[in-house]
Amino acid sequence: MPEKKHIILDTDIGGDIDDHWALGMLLNIPEAEIELVLTSSGDTRYRTKVAAKFLQDVGRADVRLGIGIARPDQHLQETFSADVKQYLLDDYPGVVVEDGIAEMIRIIESKPEIILIGIGPMTNLAALCLRRPDLMKKCRLTIMAGSIAKNYKDRPGIVSEYNIAADIPASKVVFSANWKEFTITPLDHCGNMTIDGELYQQLFHSHQAIPKTILDCYKKWLIFHQSSEHYETESSILYDTVAIHLAFTDKYVIFDDMNLVVDDVGFLRKESWGKSIRVALTWSNIGQYKAELVEILTKTRNIF
């Protein structure tokens, strides 16, 4: 049996659909011992309901949920608000913890090492850094964030990427903390990661609970955005699945170490005084990564 890795996922699920894909991927990795799924950004109670319903629908109500720091000042799209309107957190058969930050701290204290995966704005992660900087030495952090030289969809030019720009003060804290290890997948690496062709058809026609539920949510997401033309042929951009991948393996990825800081408008800048961060820049074999992603989503096996 592979050695289990203790995982905390910090997610803004309930906006872009890629968080559903990332959570589904994580659920199907045998090495993952999911200690907590923590919600971030905007109405975190709404986001916890989205995560709870998804987990219940795929038969994984054993996963512990934590409600992160609410940001009522952020007026964000709640793509699945109609879907969870009648869903109550009390309906979730598993555990929902009101103070998700305290629960995250409790879990980190209890483990020799934690892998933190961040796939949303960094409000919760910054709270951890500020409240318990002594715990950083136990945490390997992998996040989807930033832009080094490319924009969305491989367009050239740096951009203030959403996960950083949504809470710039928090991002500054996270990028200056003393993590045991810090890895990012910026837009340069994941900003055009889609599944189409035969691989997408394997997902589309799968009878497994996770891909079926993801595709059902994907259709609702497309309808919300008044577009369903790609539903039968290709995914949206699956940025966040790449952060899940990097939390477990370096396969198919080319890295560079960079000293990075977040500036006042949300751009990543190279500075000699910045913390050293492992940056996934390019793929050595993106096709193989996509094939393994589909295999993970459609059945459980020891991938890594």
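My aim in this report is to walk through the structure given alongside it, one point at a time.

Each value, and the rule that gives it
- Residues numbered from 1 in each chain as written.
- Predicted model: local features only at pLDDT ≥ 70, side-chain atom pairs only at ≥ 80, totals over all residues.
- Heavy atoms only, no water.
- Phe/Tyr/Trp six-rings, centres within 6.5 Å; stacked < 30°, edge-to-face > 60°.
- Helix = DSSP H or I, 4+ residues; strand = E, 2+ residues; numbered from the N terminus.
- Buried < 20%, exposed > 50% of the residue type's maximum accessible area, 1.4 Å probe, protein only.
- Lys NZ or Arg CZ within 6 Å of the ring centre and 35° of its normal.
- 1 Å grid on protein atoms, 1.4 Å probe; cavity = no way out; pocket = protein on both sides within 12 Å on 5 of 7 lines; lining within 4 Å.
- Points joined across faces, edges and corners; volume = space filled by probe spheres on them.
- Nonpolar A, V, L, I, M, F, W, Y, C, P; charged D, E, K, R; others polar.
- Axes fitted to C-alpha atoms, helices over the stretch in contact; angles between N-to-C directions.
- Parallel < 35°, antiparallel > 145°, perpendicular 65-115°, else oblique.
- Left-handed = near helix turned anticlockwise from the far one by under 90°.
- Contact = heavy atoms within 4.5 Å.
- Disulfide = S-S within 2.5 Å.
- Pairing = 2+ DSSP bridges.
- Right-handed = clockwise from strand over helix to strand, strands pointing away.

Section: the packing of aromatic side chains
Then, in step 1: This structure, assessed with the given rule, holds 9 aromatic pairs.
Then, in step 2: Between the aromatic rings of Trp-21 and Tyr-218, the centroid separation amounts to 6.3 Å while the plane-to-plane angle is 75°, which identifies the pairing as edge-to-face. Of this pair, Trp-21 sits in helix α1 (residues 18-27) while Tyr-218 is found in helix α9 (residues 209-224), placing the two residues 197 residues apart along the sequence. The burial state of Trp-21 is the same as that of Tyr-218; both residues are buried.
Then, in step 3: Three or more aromatic residues joined by ring pairs form one cluster here, namely Trp-21, Tyr-200, Phe-204, Tyr-218, Trp-221 and Tyr-231.
Then, in step 4: Arg-278 extends its terminal NZ or CZ atom over the ring of Phe-255, reaching a point 4.2 Å from the ring centre.

What about empty space enclosed by the protein?
Then, in step 1: By the definition in use, this model includes 1 cavity of 30 Å³ or more.
Then, in step 2: Space inside the largest cavity adds up to approximately 60 Å³.
Then, in step 3: If you go around the largest cavity, the residues you meet are His-20, Val-50, Lys-53, Phe-54, Asp-57, Phe-80, Asp-83, Asp-216, Cys-217 and Lys-220.
Then, in step 4: With 4 residues, helix α2 (residues 44-57) is the largest single contributor of residues to the lining of the largest cavity.
Then, in step 5: A class-by-class count of the residues in the lining of the largest cavity yields 4 nonpolar, 1 polar and 5 charged.

Examining the layout of surface pockets
Then, in step 1: Considered as a void within the structure, the largest pocket measures approximately 740 Å³ in volume.
Then, in step 2: The wall of the largest pocket is formed by 31 residues, among which Asp-16, Asp-18, Trp-221, Ile-237 and Tyr-239 lie closest to the centre.
Then, in step 3: Of all the secondary-structure elements, those providing two or more residues to the lining of the largest pocket are α1, α5 (162-165), α9 and α10 (239-246).
Then, in step 4: Sort the elements by how many residues they give to the lining of the largest pocket and α9 lands first, with 3 residues.
Then, in step 5: Here the lining of the largest pocket is built from residues that sort into 11 nonpolar, 11 polar and 9 charged.
Then, in step 6: As for the second largest pocket, its lining consists of 17 residues, of which Lys-5, Glu-113, Ile-115, Arg-140 and Ala-247 are closest to the centre.
Then, in step 7: Within the residue set of the lining of the second largest pocket, elements represented by two or more residues are β1 (5-11), β6 (139-144) and β7 (181-185).

Focus on the packing of helix α3 (residues 100-110) against helix α4 (residues 123-131)
For any two helices packed against each other, one specifies the crossing angle of their axes together with the interaxial distance.
Then, in step 1: Following both chains from N to C, one finds α3 and α4 inclined at 60°, their axes separated by 10 Å at the closest point. One element, α3, and the other, α4, form an angle in the oblique class. Once α3 is placed against α4, the crossing between them reads as right-handed. Of α4, the residues touching α3 (which contributes Ile-101, Met-104, Ile-105 and Ile-108) are Asn-124, Ala-127, Leu-128 and Arg-131.
Then, in step 2: Its residues assigned to classes, the contact of α3 with α4 shows 6 nonpolar, 1 polar and 1 charged.

So, the state of the cysteines
Two cysteines whose sulfur atoms are joined by a covalent bond form what is called a disulfide.
Then, in step 1: For the structure shown, the criterion picks out 0 disulfides.
Then, in step 2: Left without a disulfide partner, Cys-139 is nearest to the cysteine sulfur of Cys-129, which lies 8.3 Å away.
Then, in step 3: Residue Cys-139 is classed as buried on the basis of its relative accessible area of 0%.

A word on the environment of Ala-177
Then, in step 1: Relative to the elements of secondary structure, Ala-177 occurs in the loop between α6 (168-176) and β7.
Then, in step 2: Apart from residues lying up to four places away in sequence, Ala-177 is in contact with Cys-129, Met-136 and Lys-275.

Here's the deal with the pairing of β1
Then, in step 1: A large share of β1 lies buried, amounting to 5 of its 7 residues.
Then, in step 2: In this structure, β1 lies alongside strand β2 (residues 32-39), joined through 7 bridges in parallel fashion. Pairing of Thr-11 across the sheet is with Thr-39, part of β2.
Then, in step 3: Once the chain exits β1 it traverses α1 before rejoining the sheet at β2, and the crossover so formed is right-handed.

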